[in-house]
Amino acid sequence: MESAIPLPLRCPRSRPPTRGDDYSPPNPGFTARFGDALQPLTVVFLGAQFRSPEGEALARAAVGLWCDLAEHAPDHHDIAQGTDEAGFSTLVWTGYWRDAARFEQWRQGLAFGAWWNSEHRLDEACGWFMEVASPAPQRLETLYSSPDGFEGFGRLASHMSAEIREHGYWGSMRDRLPASQTEALTEVLTATPASRVPRPNRRARVAFSAADHLALIRSGQDWSRTAGLERERYVRDVEPVLRAGMDFLDSEAGLAIGCLSNRYLRIVDKDLRPAEKSYGLSWWASLADMERWARDHATHSAIFGSFMRLVQEMNLELALRLSHEVSVLRSSEQRFEYINCHERTGLLRS
Ligand code: HEM
C-alpha cells in the first residue's frame, strides 16, 4: 500500500487529509505514475458539432485529418461521439501530450494551426471547439479500479502504482491531489470578468480561459471484458442510471450546482464503430462543486448504489474497468476556443 501522491511531490502538510495513514480501503485502487517527469501534461478535446449529413461528412473528414497529422503528434489519442442537450451530434478527438511545448508546436504549426485558423471554418455546416488543459503534476490525479485499466492521461504513464491508500471514501479525490497538501483549491485568484467574453453566435470565433481552480473530470467505463451476468447487470442496471446522471449534469439544473459543461461520450474507432467504452467529461466551477455532487446528489448516489449492488452480486470479482482523472487548473493552464458553435456548447453555456 502506498500514497497516491508521488514521492517527489510530497511536502509538509498545512492541510490535513480526510483520512490518516492508518486507513485501509475496502477494495484495491491504483494510480498512474509518470516516472521522474514533473512537467505539465496536456490534453486537448477537439470537437466537431453538426446536425446535417453535410456537417457529418465534414466532421468525419476532420477527425481523419487530425488522426493523420504526424508532426508533433500526441503521444496518445482517442475518438468518441455523443449527442448534446441541444440535439447536435458531436465527435470528439482527444489528444494527450507528455510535453506541453510539443502540443503548442502542434497547435500553432503549419498543418493543424493553418487548418484551425482558416476563415473557411466560419462558413461550414459544422461547429468546431478546442478545450485544452495543461495541469501541473501537483494539480492532476488519476484512479483506476484495476492495474491493467490505463485510459486517458494514464496512457502517458511510465507505470501503474501499487495499491493506493487514498480511495474508497468521499474526499479521497482531493487527498490524491498533491496540491491539496497545502492549498484549499477553492479561492478564485484571477477570475476573467464575464464581460470580456464575447457573446457567441453562429459564424463567430470565441477564445478565452476561465478562472483559476476550474476543475475537469474524465470518468471512464470499460465493459468490453464483461460477460454473462455481469454484462447483463451493467447494461440493464448501471448504464441507465449513469446516463440519467449525465443528462442531469448537462441540464440547467446541473449548471446551477456548478457543472459548467458535461458530455457523455462513447469511444469509437477510426471508422467510428463504437467500442464498449464510454466516459463522462465535465468541467466544473470548482473541485468543491464536483465533490458535493458525487457525495450528496441523488444522481451520483444512484450510479454508486447500482455499482455497489453489481460488486456484491459478482462477489467483488469484476471485469468492468473504471477509470477517473481529475485536474484543477489555473487560468494559465486552460484554453477554450469555439468556432461556429451553438451557444450551449461547452463553457459557452455558462
Ligand atoms: C458507471 C459509472 C460510475 C461509477 C460506477 C462510479 C462510482 C464511483 C465510486 C465507486 C467512487 C469512489 C471511488 C473511490 O474513491 O474508490 C466514485 C467517486 C467519484 N465519482 Fe463516480 N462513478 C461513476 C461515474 C462518475 C461520473 C461520470 C462522474 C463525473 C462526471 C463521477 C464523479 C465522481 C467523483 C468526482 C468522485 C470522487 C469523490 C471524492 O473522492 O470525493 N463518477 N464514483
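Whatever comes next refers back to the structure up there.
All of these numbers come straight from a predicted model, not from anything done at the bench.

The rules behind each value
- Residues numbered from 1 in each chain as written.
- Predicted model: local features only at pLDDT ≥ 70, side-chain atom pairs only at ≥ 80, totals over all residues.
- Heavy atoms only, no water.
- Helix = DSSP H or I, 4+ residues; strand = E, 2+ residues; numbered from the N terminus.
- Buried < 20%, exposed > 50% of the residue type's maximum accessible area, 1.4 Å probe, protein only.
- Contact = heavy atoms within 4.5 Å.
- Areas by Shrake-Rupley, 256 points an atom, 1.4 Å probe, with all protein chains shown as cover.
- Lys, Arg positive; Asp, Glu negative; His and termini not counted.
- Charge placed at Lys NZ, Arg CZ, Asp CG, Glu CD.
- Pairing = 2+ DSSP bridges.
- Near = heavy atom within 4 Å.
- Polar contact = N/O pair within 3.5 Å; in protein donor to acceptor, adjacent residues only side chain to side chain.
- 1 Å grid on protein atoms, 1.4 Å probe; cavity = no way out; pocket = protein on both sides within 12 Å on 5 of 7 lines; lining within 4 Å.
- Sits in = over half its atoms within 2 Å of the grid points.
- Donors = N, O, S within 2.8 Å, 3.2 Å for Na, K, Ca; no water.
- Phe/Tyr/Trp six-rings, centres within 6.5 Å; stacked < 30°, edge-to-face > 60°.
- Lys NZ or Arg CZ within 6 Å of the ring centre and 35° of its normal.
- Axes fitted to C-alpha atoms, helices over the stretch in contact; angles between N-to-C directions.
- Salt bridge = Lys/Arg side-chain N within 4 Å of Asp/Glu carboxyl O.

J.: Please clarify how the overall build of the chain should be interpreted in this entry.
T.: Each helix and strand counted, the chain has eight helices and 13 strands in total. Reported as C-alpha extents along the three principal axes, the dimensions of the chain are approximately 60 × 50 × 40 Å. Across the 350 residues in the chain, those meeting the buried criterion constitute 54%. Relative to all contacts within the chain whose residues are 6 or more apart in sequence, the contacts with residues 24 or more apart total 79%. Within the structure as shown, the chain displays about 15500 Å² of accessible surface, and the carbon and sulfur contribution to it stands at 52%. Separation of charge centres in the chain, based on 40 positive and 47 negative side chains, amounts to 1 Å.

J.: Sorry, what's going on with the environment of G35 here?
T.: Mapping G35 onto the fold places it in the loop between strand 1 (32–33) and strand 2 (42–50). As a C-alpha pair, G35 and P8 span 27 residues in sequence and 10.0 Å in three-dimensional space.

J.: Would you take a moment to explain the pairing of strand 13 (residues 334–339) for this structure?
T.: Taking burial as the measure, the six residues of strand 13 include five buried ones, the bulk of the element. As paired strands, strand 5 (residues 127–133) and strand 13 are joined by six bridges and run antiparallel to one another. Each residue of the ladder has a partner; that of A133, found in strand 13, is Q334.

J.: Got a minute to help me understand the site of the ligand in this structure?
T.: H167, G168, G171, M173 and H300 are the nearest of the 24 residues found near the ligand. At 2.6 Å from an oxygen atom of the ligand is found a main-chain nitrogen or oxygen belonging to G168. One of the backbone N or O atoms of M173 is found 2.9 Å from an oxygen atom in the ligand. When atom positions are compared with the pocket grids, the ligand is found to occupy the largest pocket. Among the secondary structure elements, those contributing two or more residues to the shell around the ligand are helix 4 (172–176), strand 9 (214–222), helix 5 (228–250), helix 7 (287–296), helix 8 (298–313) and strand 12 (321–329). Element by element, the count of residues in the shell around the ligand is highest for helix 8, at four residues.

J.: Explain the side chain of R218 here, please?
T.: You can see R218 is positioned in strand 9. R218 gets classed as buried once you look at its relative accessible area, which sits at 5%. For R218, the side chain forms a polar contact with the side chain of Y96, separated by 3.0 Å. The residues contacting R218, other than those within four sequence positions of it, are D78, T94, Y96, E151, G152, I267, Y279, G280, L281, S323, H324 and E325.

J.: What's the story with the coordination of the iron atom of the ligand in this structure? I'm lost.
T.: Each donor-metal-donor angle in an ideal tetrahedron of four donors is 109.5 degrees, and each such angle in an ideal octahedron of six donors is either 90 or 180 degrees. Looking at the iron atom of the ligand, one finds just one donor atom contributed by the protein, H300 (NE2), at 2.2 Å. When you line up the elements, H300 lands in helix 8.

J.: Sorry if this is basic, but what is going on with the packing of aromatic side chains here?
T.: We describe a pair of aromatic rings using the distance from one ring centre to the other and the angle between the two ring planes. Within the structure shown, the criterion is met by 22 aromatic pairs. Considering the side-chain rings of Y144 and F150, the 6.0 Å spacing of their centres and the 70 degrees angle between planes classify their relative orientation as edge-to-face. Counting every residue linked through ring pairs, the aromatic cluster contains W66, W93, W97, F103, W106, F112, W115, W116 and W128. A cation over a ring is seen here: R121 above W115, with NZ or CZ 4.2 Å from the ring centre. Of note, R218 hangs over the ring of Y279, and the distance from its end group to the ring centre comes to 3.8 Å.

J.: I keep staring at the sheet that holds strand 9 and nothing clicks. Help me out?
T.: One key point about sheets: their strands pair by backbone hydrogen bonds, in either a parallel or an antiparallel sense. The strand order across the open sheet formed by 11 strands is 6-12-9-11-10-3-4-2-5-13-8, and the pairing between neighbours is antiparallel. A strand with exactly one partner marks an edge of an open sheet, and here the two such strands are strand 6 (140–144) and strand 8 (205–208). Each neighbouring strand pair of the sheet contributes to a mean axis angle of 20 degrees, computed without reference to strand direction. Lying over the sheet, helix 5 contacts strand 9, strand 10 (259–268) and strand 11 (274–284), oriented at roughly 145 degrees with respect to strand 10.

J.: Quick question: what am I supposed to make of unusual backbone geometry here?
T.: Trans is the prevailing form of peptide bonds, just as negative phi is the prevailing case for residues other than glycine. Phi at L185 takes a positive value of approximately 60 degrees, unusual for a residue other than glycine. Relative to the helices and strands, L185 is located in the loop between helix 4 and strand 8. Judged by its relative accessible area of 1%, L185 is buried. A positive phi angle is found at L316, which is not glycine, with a value near 70 degrees. By secondary structure assignment, the location of L316 is in the loop between helix 8 and strand 12.

J.: Explanation requested: the pattern of salt bridges in the structure shown.
T.: Once their charged atoms are close, side chains differing in charge can pair, the charge on each being opposite to the other. Per the counting criterion, the structure on display carries 31 salt bridges. E337 is paired through a salt bridge with R335; the nearest N and O atoms lie 2.8 Å apart. Salt bridges sharing common partners tie together D75, R98 and R102.

Structural measurements only, silent on function.
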